[in-house]
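Coordinates in review
If you want the building blocks of each chain, they are given just below.
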Amino acid sequence: MDTQKDICDAIGAVLPGLSHEVVAAVEDTLEKLGTTTTDDLQYITEGDLLPVLKPIQARRLVAAWAQNNSTASTSGMASSSPQSVQSSQSAASLSPPSSAATSSPSQSCSPFLPTWADSFQIPWQKLPEELMQTLERQKRPSARLRREMVRIIVSEVMKICKNPTKSNTTEIAKRMVSRYPKSLEDVIDGDVIGHGYHSLVKQLQARIENVRRPDTPKITKRKAESDDTDEIPAEQKASIQDMYGCVNWEPKFLPLLETVESQLKKKEEMKKMFKDQNYAAEDVKELVKSTYYTQRKDINKGTSILKLRQEWPFLFHEAGMAGHFQQLTGINLTEAFFTNLDKKGERLLNFLKTVPAQKQKQVLECLLKLQSEKGRSSGCTEMVLLLLAYFGEKEENMFHYVEKTSLAEEVEMEAVPATPCLIVCGSSCFTADCFMLSIDQKIVNDHITAFPCAICLMFGSYYCFNIHYPVGLRSTLEFLQRCFFSINPERGTKVEHSNRRKVFAVNPRVLTLIANLADHEWT
């Protein structure tokens, strides 16, 4: 009789490189679909597996399981008809040589012959000596040398294949970065962004498009390559965006020593602690950790923000949200932010105040405005406001300004975005002594005294409460996510879905800023 181990082995036989977490997710998906034996695997479709696997992985599993079933059903026929096998072999021996062997270079990149990129010889010997010296010394090449490298690589690629795909350039970029990671990897102060080779892929693709442009009929609209998530049914995309960056989105079991009754008791204990304002932050984190299972059940079933605030008030304050965020993502919310702020904040600010960044009108206007601000200076405040300006994203999507003495009940919420927003009590983030956090146009925390803590709570809300990044803040939030909160998923997106927008593993504008920062010299 087939067991769960047989199904696990059936997955591992086809995709041996999957992590234990992904295998467990596949098994869980199969179980929900009603799979009880390995014979049931033949009825699984690609769409069934897309919520937990990449499209190619799903196709490989489905194809292998279908083939296994076909092989099993025809093995008797095959063994009883050796004559047919012999005739097939004879026909094969008389057939002419494969056309692939004599095809022209431009035809060798047929979708049926996808291996040319694997054997492509990267022309290191044709690169300028200055560039090779830089690479060998493990230094980052200048923007000029990097562009020259991309031009030479693409020139050689086009001799072999006139229409290289993104998967081809990804394979080449991966090998280049693997050979010279110190020089070519996407990294900021030691932190690798995404896979580490996305910006090089982007440059190779852009160069290929430029080279091909004269041959492309202007009347023909090129279809954008779809991202992995584009192949997932619409009803499943929301949950994938919710789970983006999470390692424990929906725990399956209560902690061993917990029961439903003990969870309710601890929840009531936390509500009383919050009401009496008599608690220690560490005690709150421990209680949040032990009741995390019940919190996620309430959040994932769509409980309203107001109801969550009544039942789990600490989730909207620093100690509680930090504890929940760590269980959810494996990242310490405030520690990650402040550590990265110390490591990268000054470098980012220095770059945003340089001439290249100031070529953007919004950045220059923001700098002039910041120079005229009076009050306390804050590197964190400057950094966030300049990031918004650099990406051309509106400040009012993140901040809503009210009178310095305004109370929560006096704020006109109609003008506040529905997504997490910081309400600034005062005319400037620099001079404000108090901030409020709003989610779904409801004030959930009316007393935050420090701007960095306010940013942490605002950002953490997107993950803790399954909220997608708004399109109007997609670049700023993803840059903060990758560079300051150390959340670097390899695929998917947290941005709210739009049929009109191409989805990238890493936002290209974020990649560009990361590359510019890596190349930026400062003292």
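In every chain, residue numbers begin from 1 and rise along the written sequence. In keeping with the model being predicted, local features are shown solely for residues with a pLDDT of at least 70 and side-chain atom pairs are shown and tallied solely at 80 or more, while totals for entire chains, interfaces and linings include all residues. Side-chain calculation: all heavy atoms of the structure are included, whereas hydrogens and water are not.

A look at the packing of helix 18 (residues 318-329) against helix 23 (residues 451-464)
- Interaxial angle, 0 to 180 degrees, is taken between N-to-C directions of lines fitted to C-alpha atoms, where a helix line uses only the stretch in contact. Secondary structure follows DSSP: runs of H or I at least 4 residues long count as helices, runs of E at least 2 residues long count as strands, and numbering of each begins at the N terminus. Close contact between helix 18 and helix 23 brings their axes to 10 Å; oriented N to C, the two are set at 45°. Between helix 18 and helix 23, the interaxial angle falls into the category oblique. Note that helix 18 runs across helix 23; the crossing there is left-handed. Residue-level contacts link E318, M321, H324, F325, L328 and T329 of helix 18 to C453, C456, L457, F459, G460, S461, Y463 and C464 of helix 23.
- Of the residues in the contact of helix 18 with helix 23, the class split is nine nonpolar, four polar and one charged. Note on terminology: angles under 35 degrees are roughly parallel, angles over 145 are roughly antiparallel, angles of 65 to 115 are roughly perpendicular, and the others are oblique. Whether a crossing is left-handed or right-handed is set by the direction in which the near helix is turned from the far one by less than a right angle, anticlockwise for left-handed and clockwise for right-handed. Residue contacts follow a heavy-atom distance rule, with two residues in contact if any of their heavy atoms lie within 4.5 Å. Under this grouping Gly is polar, as are all residues other than the nonpolar Ala, Val, Leu, Ile, Met, Phe, Trp, Tyr, Cys and Pro and the charged Asp, Glu, Lys and Arg.

Thoughts on the packing of aromatic side chains
- Two rings belonging to Phe, Tyr or Trp (six-membered ring only in the last case) form a pair when the distance between their centres is within 6.5 Å. Interplanar angles under 30 degrees mark stacking, angles over 60 mark edge-to-face geometry, and anything in between is tilted. Considering all chains together, one arrives at 20 aromatic pairs under this definition.
- Geometrically, the ring pair formed by W116 and F120 is edge-to-face, given 6.3 Å between the ring centres and 85° between the ring planes. Of the two residues, W116 and F120, neither departs from the other in class, the shared state being buried.
- Their ring planes at 50° and their centres at 6.2 Å tell us that F337 and F484 sit as a pair that is tilted. Here F484 lies in the loop between helix 24 (474-483) and helix 25 (508-519) and F337 lies in helix 19 (residues 333-352), a separation of 147 residues in the sequence.
- Working rule: Lys NZ or Arg CZ, within 6 Å of ring centre, within 35 degrees of ring normal, means a charge sits over the ring. A cation over a ring is seen here: K494 above Y463, with NZ or CZ 4.6 Å from the ring centre. Exposure is judged per residue with a 1.4 Å probe applied to protein chains only, and the accessible area is read against the type maximum: over 50% gives exposed, under 20% gives buried, and values in between give partly exposed.

Some points on a negative patch on the surface
- A cluster of like negative charges, contributed by E269, E282, D283 and E286, occupies part of the molecular surface.
- Among the secondary structure elements, E286 is positioned in helix 15 (residues 281-290).
- Relative accessible area serves as the criterion here: at 51%, E286 is assigned to the exposed category. Residues enter a patch when their relative accessible area is above 30% and they make no salt bridge; the linking distance is 9 Å between like charges and 5 Å between nonpolar side chains (Val, Leu, Ile, Met, Phe, Trp, Tyr). All accessible-area figures derive from a Shrake-Rupley calculation using a 1.4 Å probe, and residue coverage is judged against the displayed protein chains alone. A side-chain nitrogen of Lys or Arg and a carboxyl oxygen of Asp or Glu constitute a salt bridge if their distance falls within 4 Å. Charged residues are defined here as Lys and Arg on the positive side and Asp and Glu on the negative side; His and the ends of the chain fall outside this count. Positions of charges follow a simple convention, taking NZ of Lys, CZ of Arg, CG of Asp or CD of Glu.

Section: unusual backbone geometry
- Phi at D440 is positive, roughly 55°, even though this residue is not glycine.
- Using a relative accessible area of 40% as the deciding quantity, one classes D440 as partly exposed.
- Here the phi dihedral of Q441 falls at roughly 60°; this positive angle occurs in a residue that is not glycine.
- Among the secondary structure elements, Q441 is positioned in the loop between strand 5 (435-439) and strand 6 (442-448).

As for the environment of C456
- If you trace the backbone, C456 turns up in helix 23.
- Judged by relative accessible area, which is 1%, C456 ranks as buried.
- Spatially, the C-alpha atom of C456 lies 7.4 Å from that of F337, the residues being 119 residues apart in sequence.
- Each residue touching C456, except ones within four places of it in the same chain, is listed here: M321, L333, T334, F337 and F485.

Some points on helix 22 (residues 379-390)
- Relative to the 16 Å expected for twelve residues at 1.5 Å per residue, helix 22 spans 16 Å between its end C-alpha atoms, a close match to the ideal helical length.
- With eleven of twelve residues buried, helix 22 is to be regarded as a mostly interior element.
- Buried within helix 22 we find C380, T381, E382, M383, V384, L385, L386, L387, L388, A389 and Y390.
- Looking at the buried residues of helix 22, the elements they touch are helix 19, helix 21 (361-372), strand 3 (399-402), helix 23, helix 24 and helix 25.
- Positive phi shows up at G392, right after helix 22, with a value of about 70°. Expected helix span is computed as 1.5 Å times (number of residues minus one).

Remarks on the sheet that holds strand 4 (residues 421-425)
- Any two strands with at least two DSSP-identified bridges between them are counted as paired. Taken together, the four strands give an open sheet; going across it, the order is 3-4-5-6, and neighbouring strands pair in mixed fashion. Looking at the sheet topology across the chains shown, the edges are occupied by strand 3 and strand 6. Taken pair by pair, the neighbouring strands of this sheet meet at an average axis angle of 25°, ignoring direction.
- Relative to strand 6, strand 5 is paired through four bridges, and the arrangement is antiparallel. In the sheet register, L437 faces strand 6, and the bridge partner there is N445.
- Contacts between helix 23 and the sheet are confined to strand 3, strand 4, strand 5 and strand 6, with strand 5 contributing the most and set at about 5° to the helix.

Observations regarding the side chain of T476
- By secondary structure assignment, the location of T476 is in helix 24.
- Its relative accessible area of 0% is what places T476 among the buried residues.

Points about the nonpolar core
- For this analysis, a nonpolar core means a set of buried residues of the types Ala, Val, Leu, Ile, Met, Phe, Trp, Tyr and Cys, connected via side-chain atoms within 4.5 Å. In terms of nonpolar packing, the biggest core is built from 85 residues, with F399, I455, Y463, F465, F479 and F484 touching the most fellow members.
- Of all the elements, helix 23 adds the most residues to this core, at eleven residues.
- Ignoring any residue separated from it by four or fewer positions in sequence, one finds F399 in contact with V384, L385, L388, C421, L422, V424, C429, F451 and I455.

Some details on helix 14 (residues 260-276)
- For helix 14, built from 17 residues, the straight-helix expectation of 24 Å at 1.5 Å per residue is met to within 8% by its first-to-last C-alpha distance of 25 Å.
- For helix 14, the full list of buried residues reads S262, Q263, K267, M270 and M273. Taken down its axis, helix 14 places every buried residue within 140° of arc, on the same side. Facing away from the buried surface of helix 14 by more than 90 degrees, the exposed residues are V260, E261, K265, K272 and K275.
- Next to the buried residues of helix 14 lie helix 15, helix 16 (292-300) and helix 17 (305-311).
- Q277 sits one or two residues past helix 14 and shows a positive phi near 55°. Summarising the geometry, the arc corresponds to the directions from the helix axis toward the C-beta atoms.

Details of the confidence of the model for the chain
- A residue-level look at the chain finds 80% of positions with pLDDT of 70 or above and a mean pLDDT of 80.
- In the model, residues 74-108 has pLDDT below 50 throughout and makes ten contacts with residues more than four positions away in sequence or in other chains.
- The predictor attaches a confidence to each residue, called pLDDT, with possible values from 0 through 100. Counted against residues more than four places away or in other chains, residues 110-114, with its pLDDT under 50, gives three contacts.

Brief notes about the pairing of strand 4
- Among the five residues that make up strand 4, five are buried, leaving the element largely enclosed by the rest of the structure.
- Side chains C421, I423 and C425 project from strand 4 onto one buried face, and the interleaved L422 and V424 project onto a second face that is buried too.
- Relative to strand 4, strand 3 runs parallel, the two sharing four bridges. In the sheet register, H400 faces strand 4, and the bridge partner there is I423.
- Sheet topology note: the strand 4/strand 5 ladder contains four bridges and is antiparallel. Within strand 5, the position partnered with C421 by the bridge is S438.

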